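Spelled out, the chains give:
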Amino acid sequence: MALSRILSVVRSCPPRLAPLSTAPATREQSAAGPGAVLGCRAAEAPRPPVPAVDFGNAQEAYRSRRSWELARSLLVLRLCASPALLARHEQLLHLSRRLLGQRLFDKLMKITFYGQFVAGEDQESIRPLIQHNRAFGVGSILDYGVEEDLSPEEAERQEMESCTSEAERKGSGTSKREKQYQVHQAFGDHRDGVISARTYFYANEAKCDSHMETFLRCIEASGGASDDGFSAIKLTALGRPQFLLKFSDVLTKWRRFFHQMAAEQGKAGLAAMETKLEVAALQESVAKMGIASRKEIEKWFTAETLGVSGSLDLLDWSSLIDTRTELSKHLVVPNTQTGQLEPLLSGFTEEEQQQMTRILQRMDVLAKKATEVGVRLMVDAEQTYFQPAINRLTLEMQRKCNVEKPLIFNTYQCYLRDAYNNITMDVELARREGWCFGAKLVRGAYMAQERARAAEIGYEDPINPTYEATNAMYHRCLDYVLEELKHNAKAKVMVASHNEDTVRFTLRRMEELGLYPADHQVYFGQLLGMCDQISFPLGQAGFPVYKYVPYGPVMEVLPYLSRRALENSSIMKGAQQERQLLWQELKRRLCTGNLFYHPA
C-alpha cells in the first residue's frame, strides 16, 4: 500500500503506543506521585508570583529603540492604516522603482517598510538586530521571506498542474475527491485574500530541493545567532501539493466515516475525544457492508490492538490507517453521493509515490539539522484543503523527534471551527504515545480566501462565524493547553498573538496555574515591526518572547511586504494604540532633551 510505505519513511523507530482503547490518563492521574507520567512536576516550594507587565508604559516599551526608529514606525504604521494607499500600494511601489531607479528604491525601502518589517538581506546582516533584541529579552524565529514574483496567470497555471494527478488530467479521477480537496481554477492563485503568510508554488522537485536548502541555511543562521532560536518552515515548499490534497481527502473521509458509525450507534454530536464506538456493533456494521469476512474483521479488533474496554475513539480509529494493522488494505468508505463503497486509499503512480517519499525525506533532513544546531522548528499552518495532511505529517515528525523535548512545533489556527477538537486530540495522542507536545496557537491568515472558496465550490465554511467566536475559540484552546502544561513539564506552547487581551488572559492563567516564566513552557510571539509595546515589556519582565523575523533581498521580499501592510490594516485597533504610545515616547524624549537617546 503506497500510503503505508510513505508513512514508514518517517518512522525509523517504532512508536511507543499504549493499548488503543486504554482510557486517557486524567490530568489528576498525570500529576500524581513519583510514578506519574514522564515530565510531570515534582512537589515544589512556594514560588514568587508571575511578574506584572505594564503594556502602557511607553518609556519601558521602547527602551530598545532609537528615536529615528520610533519616527519610522509612526510613519509606516500610519501609511499602513490608509485604505486609499493600501488599495494602490503595488502600483505605487512599481512607480517608485521606475522613478528612483533600483539603487535609490532599495535605500528608500530600507529606511521605511523594509527596515520596519525585515531584518536584513542575509545571515550576516541580520545578526546585529537579533543580538540587539536578545539583549532586551526578545528572541527570534527566523524565516527567509523570499517569494517568487509570479503573475496571476503563471501562479494559476503552476497551481492547477501541481494539484492535479495524471488520472485526473485524463478525466478519470476528479470526482473521487471531496469538493474541498479538488483544485479549482478560480483559486489557482492562492495568494489572493491571504495576509502575512508566505506562499509557495510547485514547479518541480529540484525547486523543492532548493527550498529545503534555503530552510537549512535559515536553521543554521538561527543556530549561529542565538542558543534558543526557532526557525519556520512550510510544507507546501517541500513537495507537490497534489499529494497534500489527496492525503487530506483520505484523512477527512476516514474521520467522517467514524462519525457516521458513531451516529448509527446514537453518539452523534459529541466532542471528538468523547465519542467512542462499541467494537461489537462496529464489527457488525463492517460485516454488513461486505468489506471483509467476519473472520478477517475479528483479527482487526483484538485485545492486543484495542485493549479490553470493547470501544475505540477517534485516535484509535485514525491509527487503523497505518502499517500496524491489516485493515489498511481493506479500507473503503461510502461515497456520500452514490452510496457505493469506494477504496479509501486509491493507487498512486510510481512518480507520485516518489514525490510523496521525497517530501518526508526533506522534512527528515530539516529535523536532523535542527537537532544538530539546537534550533526548534515551527511548521506553519496553511489552507484547510492542505492542513489535514500537514497536521498528520507534522505529528509523524513529532513522534520521532520530540522524545526528550519539543523540537517540532505544530501550528493550530483558532479561527477554524474544528480547532478545539484538533488540539485536544493531538494533546491526547502525545500523552498516550509518550512524546513531548509542542504547539503554536494563531488566529489564522487565510480567512477571506477560505470563506470565498467554500462559498464558490459549495462546501461548509470552515471558519468561525465571527471575530468574537474566533477569540473565544483561541482562549478555549489556549486554556486547555495551559492546563496540560500544569501537569506536564515537557509540553510547550507559543501564544502567537498581537491581541493584548489574549496576552493578558495568558498571564492571568499562568499565575492561576503556577506556570512561571523561568520554566520556559509558555512562549509569546509577535511579528517584527509590530506590537513592540507587547513584546519588549514581556521580555524585560523575564517571559520567553520572540519576534517572527523575516529576511532576504529587498526585491525578493516585496510580496511579503505587501501582505505585511495588509496585516497592519486588519488590526487597526492595536495599531492605533501602538501609534499613540510611539508618539507619547517621542514627545517625552523631545521635551526632556533625550531625542538622541541611544539604547544601552
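Residues numbered from 1 in each chain as written. Predicted model: local features only at pLDDT ≥ 70, side-chain atom pairs only at ≥ 80, totals over all residues. Heavy atoms only, no water.

Peer 1: Now, about the overall build of the protein chain: what can you tell me, with residues and values included?
Peer 2: Each helix and strand counted, the protein chain has 25 helices and 12 strands in total. Buried residues in the protein chain amount to 55% of all 600 residues. Accessible surface, the protein chain as shown: approximately 25500 Å² in total, 54% of it carbon and sulfur. (Helix = DSSP H or I, 4+ residues; strand = E, 2+ residues; numbered from the N terminus. Buried < 20%, exposed > 50% of the residue type's maximum accessible area, 1.4 Å probe, protein only. Areas by Shrake-Rupley, 256 points an atom, 1.4 Å probe, with all protein chains shown as cover.)

Peer 1: Hey, could you go over the pairing of strand 11 (residues 522–527) for me, with residue numbers and the actual values?
Peer 2: With 6 of 6 residues buried, strand 11 is to be regarded as a mostly interior element. Here strand 11 shows no split at all, with V522, F524 and Q526 on one side and Y523, G525 and L527 on the other all buried. Pairing of strand 10 (residues 492–496) with strand 11, which is carried by 4 bridges, proceeds in the parallel orientation. Looking at the pairing, M494 lines up with Y523 of strand 11. Each parallel crossover has a hand, and for strand 10 linked through helix 22 (residues 500–513) to strand 11 it is right-handed. One ladder, built from 4 bridges, connects strand 11 with strand 12 (residues 545–551); its direction is parallel. Residue pairing in the sheet places F524 in a bridge with V545 of strand 12. (Pairing = 2+ DSSP bridges. Right-handed = clockwise from strand over helix to strand, strands pointing away.)

Peer 1: Account for the packing of helix 21 (residues 467–487) against helix 22, with residues named and values stated.
Peer 2: Across the interface, helix 21 lies against helix 22 with an axial gap of 10 Å and an inter-helix angle of 25°. On the basis of their axis angle, the class for helix 21 and helix 22 is roughly parallel. Handedness of the crossing formed by helix 21 with helix 22: right-handed. Taken together, the residues of helix 22 that come into contact with helix 21 (itself represented by Y474, H475, L478, D479, L482, E483 and K486) are T502, F505, T506, R509 and L513. Here the residues of the contact of helix 21 with helix 22 are counted per class, giving 5 nonpolar, 3 polar and 4 charged. (Axes fitted to C-alpha atoms, helices over the stretch in contact; angles between N-to-C directions. Parallel < 35°, antiparallel > 145°, perpendicular 65-115°, else oblique. Left-handed = near helix turned anticlockwise from the far one by under 90°. Contact = heavy atoms within 4.5 Å. Nonpolar A, V, L, I, M, F, W, Y, C, P; charged D, E, K, R; others polar.)

Peer 1: Give a description of unusual backbone geometry that names residues and reports values.
Peer 2: At H520, a residue that is not glycine, the phi angle is positive and equals roughly 50°. Note on placement: H520 falls in the loop between helix 22 and strand 11. Using a relative accessible area of 35% as the deciding quantity, one classes H520 as partly exposed. Look at C531: it is not a glycine, yet its phi comes out positive at around 55°.

Peer 1: Residues and numbers for the packing of aromatic side chains, please.
Peer 2: Under the criterion given, the structure shown has 12 aromatic pairs. On the numbers, 5.8 Å between centres and 70° between planes, the contact of Y523 with Y546 is edge-to-face. Here Y523 is found in strand 11, whereas its partner Y546 is found in strand 12, with 23 residues between them in sequence. In this pair, the class of Y523 matches that of Y546, namely buried. Members of the aromatic cluster, each reached through a chain of ring pairs, are F230, F409, Y523 and Y546. Of note, R376 hangs over the ring of F230, and the distance from its end group to the ring centre comes to 3.9 Å. Between R476 and the ring centre of Y420, over which it is positioned, the NZ or CZ distance is 3.6 Å. (Phe/Tyr/Trp six-rings, centres within 6.5 Å; stacked < 30°, edge-to-face > 60°. Lys NZ or Arg CZ within 6 Å of the ring centre and 35° of its normal.)

Peer 1: I'd love a proper account of the packing of helix 8 (residues 123–135) against helix 11 (residues 205–225), names of residues and values included.
Peer 2: Running from amino to carboxyl end, helix 8 crosses helix 11 at an angle of 40°, the nearest separation of the two axes being 10 Å. In terms of orientation, helix 8 and helix 11 fall into the oblique class. Both helix 8 and helix 11 take part in a crossing whose hand is right-handed. Between helix 8 and helix 11, the residues in contact are Q123, R127, I130 and Q131 and R217, A221, G224 and A225, respectively. When its residues are assigned to classes, the contact of helix 8 with helix 11 shows 3 nonpolar, 3 polar and 2 charged.

Peer 1: Tell me what's going on with the pattern of salt bridges, and back it up with residues and numbers.
Peer 2: By the definition in use, this model includes 35 salt bridges. Among the ionic contacts, a cluster of salt bridges with common partners joins K276, D313, D316, E428, R431, R432 and E484. (Salt bridge = Lys/Arg side-chain N within 4 Å of Asp/Glu carboxyl O.)

Peer 1: Break down the pairing of strand 12 for me, with residues and values.
Peer 2: Within a regular strand, side chains alternate between the sheet's two faces. Taken across its 7 residues, strand 12 has 7 buried, putting it largely inside the fold. The pairing of strand 1 (residues 138–144) with strand 12 spans 7 bridges and is classified as parallel. When the sheet's bridge partners are listed, V138 is paired in strand 12 with V545.

Peer 1: Go over the nonpolar core, please, and point to the residues and values.
Peer 2: In this structure, W317, F437, L507, V522, F524 and L538 are the most contacted members of the largest nonpolar core, which totals 63 residues. Top contributing element to this core by residue count: helix 21, with 8 residues. Beyond its immediate sequence surroundings of up to four residues, F524 is in contact with M494, V495, V503, T506, L507, M510, L538, F543, P544, V545 and Y546. (Core = buried A, V, L, I, M, F, W, Y, C linked by side-chain atoms within 4.5 Å.)

Peer 1: Please give an account of the sheet that holds strand 2 (residues 230–233) that cites residues and values.
Peer 2: One closed barrel holds the 8 strands; their spatial order is 1-2-7-8-9-10-11-12, and the pairing between them is parallel. Averaged over all pairs of adjacent strands, the angle between their axes in this sheet comes to 30°, without regard to strand direction. In the packing of helix 21 onto the sheet, the strands contacted are strand 9 (438–442), strand 10 and strand 11, and the crossing angle to strand 10 comes to about 155°. Sheet strands touched by helix 22: strand 10 and strand 11. Its angle to strand 11, the strand with the most contacts, is close to 170°.

Peer 1: I'd love a proper account of the state of the cysteines, names of residues and values included.
Peer 2: The final tally for this structure, using the stated rule, is 0 disulfides. Lacking any disulfide linkage, C414 is separated from the closest cysteine sulfur, that of C477, by 4.2 Å. Overall, C414 belongs to the buried group, its relative accessible area being 1%. (Disulfide = S-S within 2.5 Å.)

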